[in-house]
Amino acid sequence: MTDKVLKTFGKTHYVSELDTSMEGASVTLTGWVHRKREHGGVIFVIVRDSTGVIQAAGHREQAPDAFESMQTVTLESSIVVTGTIAVDKRAPTGIELKVTEFTVVNLADPEWPLEKDAGEAFLYDKRHLYLRSPSQTSIMQIKAGMSRAAHQFFDGEGFTEIFPPVMVGASVEGGATLFPFKYFGTTAYLSQSAQLYEEAAICGLEKVYLLSPSFRAEKHRTRRHLTEYWHLEAEILFGTHEDIMGVEERLVHALVSYITEHFQPQLDILKVKVRIPKLPFKRVSYDEAITIAEKQGFKVPWGEDLGTEAERAVSKQFKAPFFITGYPTSARSFYHMPDPDRPEITLSSDLIAPEGFGELTSGGQRIHDLDLLLKRIKDEKLDPSAYDWYLELRKFGLPPHSGFGMGLERFLVWLLKLKHIREACLFPRTPSRIHP
Ligand code: 4AD
Ligand code: MG
């Protein structure tokens, strides 16, 4: 048996496919030298591939050529190794490979720079090397699983995927975090959110979603903010604020369930225990939230955004994700629908992760009335001409509609209890990092 894709080097198995029932079988693996030690005529090489590690033992008497290659091989060299499976309780994973052949494909420089005590900044200077460590590989595998689970979820709920532009002409979430660039004699921006395009797309497709990069020229440097992130957004026509909160909580439930079901080995490597949250999630009003914050010593003047610290204090009072609903109009972007019973607040919410984490998503109902939207755009001192097409949608039968957005990396920091959001990125982009 060989891998369907990888035929040239004779790979027969991935490490994760090997178990004690295969005792005596001969297998060929490809991978890297993860660790190495010599002990009385035997060399032990821990072989690593994308799925795990296994101990390979080379004996001087039984396989002298292999033994010699194993003696000269350096850490992080790429190798092809053939051997027979032996059950051995002393081996780290309970099985060992008795090596018969050992081929070095690319001999690594002996100075592997990532020492055990390497500092965080150095690890990200060397992100191209750090990425291959089992913890980072696990995070990337879970991130891929999260994308797969999201596609399955939205497909199952009858949403159509869309592919919006990333170069845009106007802000969605305020000018302060826009990245401008020159665009043939005019100024364009990197997209903060595809929401406005979704609102056009639902007029034909009714329920849409997307997974696309978003950009924020974020001034504040926190463990939850990036300048570039993957944004999962959805929008529903004829949908209310309550309808979209239903989508959000079912999505979070589906994502956590999928990851616990399919990624237990990776969760073990990361040493995290994941709890599947129960539905429905609690709804807490903005008014209640600022009262809770006040009891924790954070004074939030009514009408202002909660802010990171107060939001964290509120979140600490909860053990499961919950919504904060009814944010004031003054604390929200121009497109949010005012509550008809109380126009000083909006039909909007943030989904908050518990235990001091904070915002996972933002969403709500949008203004579908032309005059009201125009007034809000002017109130916010935005240029209506930049939104002419967005306004025109309101002239031609746009009904009530709602949507939300969630950062993939933000979700992963919460779920996997990562120290910093950059760990959830292949090559993170923050105010101080564009290289590598
Ligand atoms: O709260 P935000 O700014 O809302 C919007 O962009 C809406 N237009 C979305 C919509 O309704 N379609 O961003 C949505 C989510 C946040 O809740 C957070 O998960 C993530 O995007 N996010 C960030 N993630 C990482 N780094 C940043 N700088 C982020 N800013 C927002
Ligand atoms: Mg938000």
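The sections below set out a description of the structure shown in this document. Within any chain, residue numbers begin from 1 and follow the written order of that chain's sequence. Chain letters and ligand numbers both follow the written order, the letters beginning at A and the numbers at 1. Under the rules for a predicted model, residues below a pLDDT of 70 receive no local features and side-chain atom pairs below 80 are neither given nor counted, while totals for whole chains, interfaces and linings still include all residues. The side-chain quantities take in all heavy atoms of the structure and omit both hydrogens and water.

Quick notes on the overall build of the chain
Thinking step 1. Strands here mean DSSP runs of E at least two residues long; helices mean DSSP runs of H or I at least four residues long; both are numbered from the N terminus. Assigned secondary structure in the chain consists of 12 helices and 18 strands.
Thinking step 2. Considering only C-alpha atoms, the chain reaches an extent of 85 × 55 × 40 Å along its principal axes.
Thinking step 3. Split into buried and exposed, the 436 residues of the chain put 52% on the buried side.
Thinking step 4. Within the chain, residue pairs in contact and separated by at least 24 positions form 65% of the contacts whose partners lie at least 6 positions apart.
Thinking step 5. Just so you know, the count uses Lys and Arg for positive and Asp and Glu for negative, and it drops His and the chain ends. Where a charge lies is defined by one atom per residue type: Lys uses NZ, Arg uses CZ, Asp uses CG and Glu uses CD. Counting 51 positive and 58 negative side-chain charges, the chain places the centres of these two groups 4 Å from one another. Residue exposure (1.4 Å probe, protein chains only): buried if accessible area is under 20% of the type maximum, exposed if over 50%, otherwise partly exposed. Should any heavy atoms of two residues lie within 4.5 Å, those residues are counted as being in contact.

Structural notes on the sheet that holds strand E9 (residues 186-190)
Thinking step 1. Read from one edge to the other, the open sheet built from 3 strands follows the order E7-E9-E8, with strand pairing classed as antiparallel. Unpaired on one side and paired on the other, strand E7 (167-168) and strand E8 (180-183) mark the two borders of the sheet.
Thinking step 2. Alignment of E8 against E9, held across 4 bridges, turns out to be antiparallel. Each bridged residue has a counterpart across the sheet, and for Phe 181 the counterpart in E9 is Ala 188. By this definition, two strands are paired if DSSP reports at least two bridges between them.

Notes on the coordination of the magnesium ion (ligand 2)
Thinking step 1. For Na, K and Ca the donor cut-off is 3.2 Å, and for all other metals it is 2.8 Å, counting N, O and S atoms only; because water is absent from this set, sites may look incomplete. Bound to the magnesium ion (ligand 2) are the protein donor atoms Glu 359 (OE) and Ser 362 (OG), situated 2.2 to 2.3 Å from the metal.
Thinking step 2. Overall, Glu 359 belongs to the partly exposed group, its relative accessible area being 24%.
Thinking step 3. A residue is classified by how much of its surface remains accessible, and Ser 362, at 27% relative accessible area, is partly exposed.

Concerning the pattern of salt bridges
Pairing between side chains becomes possible if they bear opposite charge and their charged atoms approach one another.
Thinking step 1. Just to be clear on terms, a salt bridge is a Lys or Arg side-chain nitrogen sitting within 4 Å of an Asp or Glu carboxyl oxygen. Under the defined criterion, the tally for this structure stands at 23 salt bridges.
Thinking step 2. Note that Glu 344 and Arg 342 form a salt bridge whose closest N and O atoms lie 3.0 Å from each other.
Thinking step 3. Within the structure, one salt-bridge network assembled from shared partners comprises Lys 375, Arg 376, Asp 379 and Glu 380.

Regarding the sheet that holds strand E1 (residues 26-39)
Thinking step 1. An order of E1-E2-E3-E5-E4 is seen for the 5 strands of this closed barrel, with the pairing classed as mixed. For this sheet the average axis-to-axis angle between neighbouring strands, irrespective of direction, equals 55°.
Thinking step 2. Looking at chain direction, strand E4 (residues 78-87) and strand E5 (residues 95-106) are connected through 10 bridges and run antiparallel. The partner of Thr 84 across the bridge, within E5, is Lys 98.
Thinking step 3. Helix axes use the C-alpha atoms of the stretch in contact, all axes being lines fitted to C-alpha atoms, and the angles between their N-to-C directions lie in the range 0 to 180 degrees. Packing against the sheet, helix H1 (residues 64-72) makes contact with E1, strand E2 (42-49), strand E3 (52-59) and E5, and its axis sits at approximately 65° to E5.

Quick notes on the pairing of strand E13 (residues 322-325)
Thinking step 1. The side-chain alternation of E13 yields two buried faces, one formed by Phe 322 and Ile 324 and the other by Phe 323 and Thr 325.
Thinking step 2. Sheet topology places strand E12 (residues 282-285) next to E13; 4 bridges connect them, and they run parallel. If you follow Arg 283 over to E13, its bridge partner there is Phe 323.
Thinking step 3. Alignment of E13 against strand E16 (residues 348-353), held across 4 bridges, turns out to be antiparallel. Residue pairing for E16: Ile 324 is matched across the bridge by Asp 350.

Thoughts on the packing of helix H6 (residues 241-262) against helix H12 (residues 408-416)
Thinking step 1. One can describe the packing of H6 onto H12 by two numbers: an axis separation of 12 Å at closest approach and a directional angle of 55°. When the axis of H6 is compared with that of H12, the two are oblique. For the element pair H6 and H12, the recorded crossing hand is right-handed. Of the residues in H12, those in contact with Val 252, Leu 255, Val 256 and Ile 259 of H6 are Phe 411, Trp 414 and Leu 415.
Thinking step 2. Following the grouping adopted for this structure description, the nonpolar residues are Ala, Val, Leu, Ile, Met, Phe, Trp, Tyr, Cys and Pro, the charged ones are Asp, Glu, Lys and Arg, and the polar ones are all others, Gly among them. Taken together, the residues that form the contact of H6 with H12 break down as 7 nonpolar, no polar and no charged. When an angle is under 35 degrees it counts as roughly parallel; over 145 it counts as roughly antiparallel; between 65 and 115 it counts as roughly perpendicular; any other value is oblique. A clockwise turn of the near helix away from the far one marks a right-handed crossing, whereas an anticlockwise turn of less than a right angle marks a left-handed crossing.

Some words on a nonpolar patch on the surface
Thinking step 1. Within the patch definition used here, like charges are joined within 9 Å and nonpolar side chains (Val, Leu, Ile, Met, Phe, Trp, Tyr) within 5 Å, considering only residues with over 30% relative accessible area and no salt bridge. A 1.4 Å probe and the Shrake-Rupley method give the accessible areas. Residues count as covered only by the protein chains that appear here. A contiguous nonpolar surface patch, about 390 Å² in accessible area, is contributed by Met 167, Tyr 183 and Phe 184.
Thinking step 2. Within the secondary structure, Tyr 183 is located in strand E8.
Thinking step 3. The partly exposed category is assigned to Tyr 183, whose relative accessible area is 35%.

Concerning a negative patch on the surface
Thinking step 1. There is a patch of like negative charges on the surface, built from Asp 109, Glu 111, Glu 115 and Asp 117.
Thinking step 2. With respect to the element layout, Glu 115 can be found in the loop between E5 and helix H2 (120-125).

Section: the layout of surface pockets
Thinking step 1. Grid spacing is 1 Å over the protein atoms alone, the probe is 1.4 Å, and a cavity is where that probe fits but cannot get out, while a pocket is an open set with protein on both sides within 12 Å along at least five of seven lines and lining residues have an atom within 4 Å of a point. Grid points are joined across faces, edges and corners, and a volume is the space filled by probe spheres set on the points. Space inside the largest pocket adds up to approximately 1200 Å³.
Thinking step 2. Lining of the largest pocket is provided by 42 residues; of these, Glu 173, Arg 216, Asp 305, Glu 359 and Ser 362 occupy positions nearest its centre.
Thinking step 3. Secondary-structure elements contributing two or more residues to the lining of the largest pocket are strand E11 (228-237), helix H9 (308-315), strand E17 (358-365) and strand E18 (401-407).
Thinking step 4. Sort the elements by how many residues they give to the lining of the largest pocket and E17 lands first, with 5 residues.
Thinking step 5. Partitioning the lining of the largest pocket into residue classes produces 12 nonpolar, 17 polar and 13 charged.
Thinking step 6. In this model, the second largest pocket occupies a volume close to 600 Å³.
Thinking step 7. Around the second largest pocket, the lining comprises 18 residues; the ones closest to its centre are Arg 35, Leu 114, Glu 115, Lys 116 and Ser 133.
Thinking step 8. Sorting the residues of the lining of the second largest pocket by element identifies E1, helix H3 (127-130) and helix H4 (134-156) as the ones contributing at least two each.
Thinking step 9. Grouping the amino acids of the lining of the second largest pocket by side-chain chemistry returns 9 nonpolar, 3 polar and 6 charged.

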